[in-house]
Amino acid sequence: MSTIDPRPSVGITSIGLSLPSLALPLSELAKLRGEDPGKYLYGLGCCEMALCAGDEGVVELATTAAERALARWSGDLQDIGLIAVGTESALDMSRPLSAWVADRLGLRGAVRSYEVKHACYGGTLALKQAAEWQLAGASGGKAALVIAADVALYAPLDPGEPTQGAGAVAMIIEGSLTQRPAVATIDPTSHAWSEPAFDFWRPVGEEFPRVDGPFSLDCYKRGAEHCLTQWIGERTAVDALAELEALCFHVPFPKMVKKAVLHCAEAFGLEESEASDLFSQKVDPTMDWNRHCGNAYTASLWIAVASALAGMTEGCRIAAFSYGSGFGAELLTLTAGSQAAEGPWVDDIETDFARRQTIDAANYELLRGLQMAQTA
Ligand code: COA
C-alpha cells in the first residue's frame, strides 16, 4: 500500500542576487602588501574582491537582492508573511536588519520580521526556519522572504584582508501540495553539527573580526566531515556522491573549500584521483562567481548554490554545506526545479559584474581610509 506524504513540497521559488559597485583585483592588493600575487591567486584561489562604494552597504545590497527576487516572482508584497535576514554585518544590537530592508521595500503589517546571527551560517538558518515554517503549516499560505547579506572587511594588513568581499542573495520560500518549487525543492531532512569554539569572532564594539585562521580551517573541515558522514549514512561515499550534480560549500576562499574536500575524501577512503575528480567536477565549478566577489559571509554559500542551479536540468540534485564560526554547520540537499535550466538570476550577476568599477591599489587605500574615518 502506498502512503501519501501530506507535507507540502517546500523550496525556493525565486532568487535575486546583488553585488556592490566596486572591485579590487587581488593582484593590486598584492602590490600594496608586498606579496607575490601568486599567493592570493593560486595560494588562496581568489581573483577579485567586491567592495562597497561610500553610499553602499549591507542594507542596499540586501534590498536590491530582495527587489530582484520579488520582481521575477509571480506574487507580490502582500503575499509575504515572513522576512528574515541572516547577516553578521548587523547595524544595531537590537533593531534587526530586516527592519531596514522591510522599510525600503515598503513591507509592513501581518509579517514576522527578524534577523538571524550565527556568523556565515545565519543565512542558512533563516532559510531552514522559513522552510520549516512552511512545512509546519504555519504560514497561512504566505511566502517567506529570506536574505543572506554581508560586507566582509578585515583590518588593513590582517592576513584575512585578501579574502574580503560583499554580496547578498534573496530567496522566496514557498510550500505547495500540488506544485514543486520553480527554482529548487529543499529536502526537509538536513544534517547539522556544532561545537562551541572561538575560531572567528567579533567582540561587541570592535569593527573588525578576530580570526584564528588555522583553527578555523580545522573546525570547517571537521564540520564538513561530520555533516557529510551523517548524510552518507549506510551508503558508500562513492554511491552517495554519485547522486549529486554539484556539491556547494560556504566559500571563505576557494582554497579553504579544496582543503575541506580533500580532507573529507581522505576520511571517506576515496582514492586520490576520485578526490581530485570530485573537487574539479562537482565543487570547483560552483565557485566561479565567488572567485570574483570574495567572501560575502552568509551569502557566500548561496552565491555558489545560485551558480550551481543556473543551467541545471530539472530533477538534478545538489548538496549545500553551510558553515558559521562559533561553530555551527549544516548540510542541506536540494533538487533543481523547472526554472533552474533557464536560471534568470544569472542576469543579476552579469549586470553587476558588467557595471562595477575596477579600482587600483591607490584607490583602495583611499576607500579604506575614508571608511575608517567614518566609523572612528
Ligand atoms: N604562489 C602560490 N602560492 C603561494 C605563494 C605563491 N607565491 N605564497 C604562498 N602561497 C600559498 C601558501 O603555500 C598557502 O597555501 P597552502 O595553505 O596550501 O599551504 C597559501 O598560499 C596561503 O599562505 P599562508 O602563508 O598560509 O597565508 P597567511 O598566513 O597569510 O594566511 C589566510 C592567510 C587567509 C589563509 C588566513 O588568514 C585564514 O585562514 N584566514 C581566514 C579564515 C577564515 O576566513 N575563516 C572564516 C571562517 S570560515
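Data block above holds the structure.
These numbers come from a predicted model, not from an experiment.

Undergrad: Now, about the overall build of the chain: what can you tell me, with residues and values included?
TA: The helix and strand inventory of the chain stands at 12 helices and 15 strands. Taken along the three principal axes of its C-alpha coordinates, the chain extends 70 × 55 × 40 Å. In the chain, which comprises 376 residues, the proportion classed as buried is 56%. Sequence separation of 24 or more characterises 78% of the internal contacts of the chain that already satisfy a separation of 6 or more. Accessible surface, the chain: about 15800 Å² in total, of which carbon and sulfur atoms supply 51%. Of the side chains in the chain, 28 bear a positive and 48 a negative charge, and the two mean positions are spaced by 3 Å.

Undergrad: Break down the site of the ligand for me, citing the residues and quoting the values.
TA: Surrounding the ligand, one finds 20 residues, the nearest of these being Lys 39, Gly 43, Ser 216, Lys 255 and Lys 259. One of the side-chain nitrogen or oxygen atoms of Asp 36 is found 3.2 Å away from a nitrogen atom of the ligand. In this structure, Lys 255 approaches the ligand through a side-chain N or O atom, which is 2.9 Å from an oxygen atom. Contact with the protein chains hides 65% of the accessible area of the ligand, taken as 970 Å² for the molecule alone. Going through the elements one at a time, helix H2 (37–44), helix H6 (213–232) and helix H8 (254–267) are the ones with two or more residues in the shell around the ligand. Take the shell around the ligand: its biggest share by element is four residues, from H2. Lining the shell around the ligand are residues from two domains, each supplying at least three of them: domain 1 (9–183 + 344–375) and domain 2 (185–336).

Undergrad: So, the packing of aromatic side chains: which residues are in play, and what are the values?
TA: One pass over the full model with this rule turns up seven aromatic pairs. A ring pair is formed by Tyr 220 and Phe 321, whose centres lie 5.6 Å apart and whose planes are at 80°; its orientation type is edge-to-face. Of this pair, Tyr 220 sits in helix H6 while Phe 321 sits in strand E13 (residues 317–324), placing them 101 residues apart in sequence. A relative accessible area of 0% places Tyr 220 in the buried class.

Undergrad: Residue-level account of the sheet that holds strand E15 (residues 357–358), with values.
TA: Across the sheet, three strands lie side by side as E3-E2-E15; this open sheet has mixed pairing. Where the open sheet ends on each side, the last strands, each with one partner, are strand E3 (48–51) and E15. Where strand E2 (residues 22–25) and E15 come together, two bridges link them in parallel fashion. When the bridges of E15 are listed, Ala 23 appears paired with Thr 358. Strands E2 and E3 of the sheet are contacted by helix H1 (residues 26–33), whose axis makes an angle of about 60° with E2.

Cut-offs and rules
- Residue positions are given per chain, counted from 1 along the sequence in the order it is written.
- Local features are withheld for residues below a pLDDT of 70 in this predicted model, meaning they are given only at 70 or higher, and side-chain atom pairs are given and counted only at 80 or more; totals for whole chains, interfaces and linings count all residues.
- Side-chain metrics rest on all non-hydrogen atoms present in the structure, leaving aside hydrogens and water.
- Counting from the N terminus, the helices are DSSP H or I runs at least four residues long and the strands are E runs at least two residues long.
- A simple rule labels every residue: compare its accessible area, found with a 1.4 Å probe on the protein chains alone, to the largest value its type can have, and call it buried under 20%, exposed over 50%, or partly exposed in between.
- Note on definitions: a residue-residue contact is assigned when non-hydrogen atoms from the two residues lie within 4.5 Å.
- Accessibility throughout is a Shrake-Rupley quantity obtained with a 1.4 Å probe, and a residue counts as covered only by protein chains that appear here.
- Counting rule for charge: Lys and Arg are taken as positive, Asp and Glu as negative, and neither His nor the chain ends is counted.
- For this purpose, a charge sits on NZ of Lys, CZ of Arg, CG of Asp or CD of Glu.
- Being near a molecule or strand, for a residue, means having at least one of its heavy atoms within 4 Å of it.
- Residues adjacent in sequence count toward polar contacts only when both atoms are side-chain atoms; beyond that, a polar contact is any pair of N or O atoms within 3.5 Å, and within protein one must be able to donate a hydrogen and the other to accept it.
- In this entry, domain limits derive from an automatic or database-based domain assignment.
- Pairing of aromatic rings covers Phe, Tyr and Trp, the last counted by its six-membered ring, and requires centre-to-centre distances within 6.5 Å; plane angles under 30 degrees mean stacked, over 60 mean edge-to-face, and any other angle means tilted.
- What makes two strands pair is DSSP finding at least two bridges between them.
- Angles run from 0 to 180 degrees between N-to-C directions of axes, and those axes are lines fitted to C-alpha atoms, restricted for helices to the stretch in contact.

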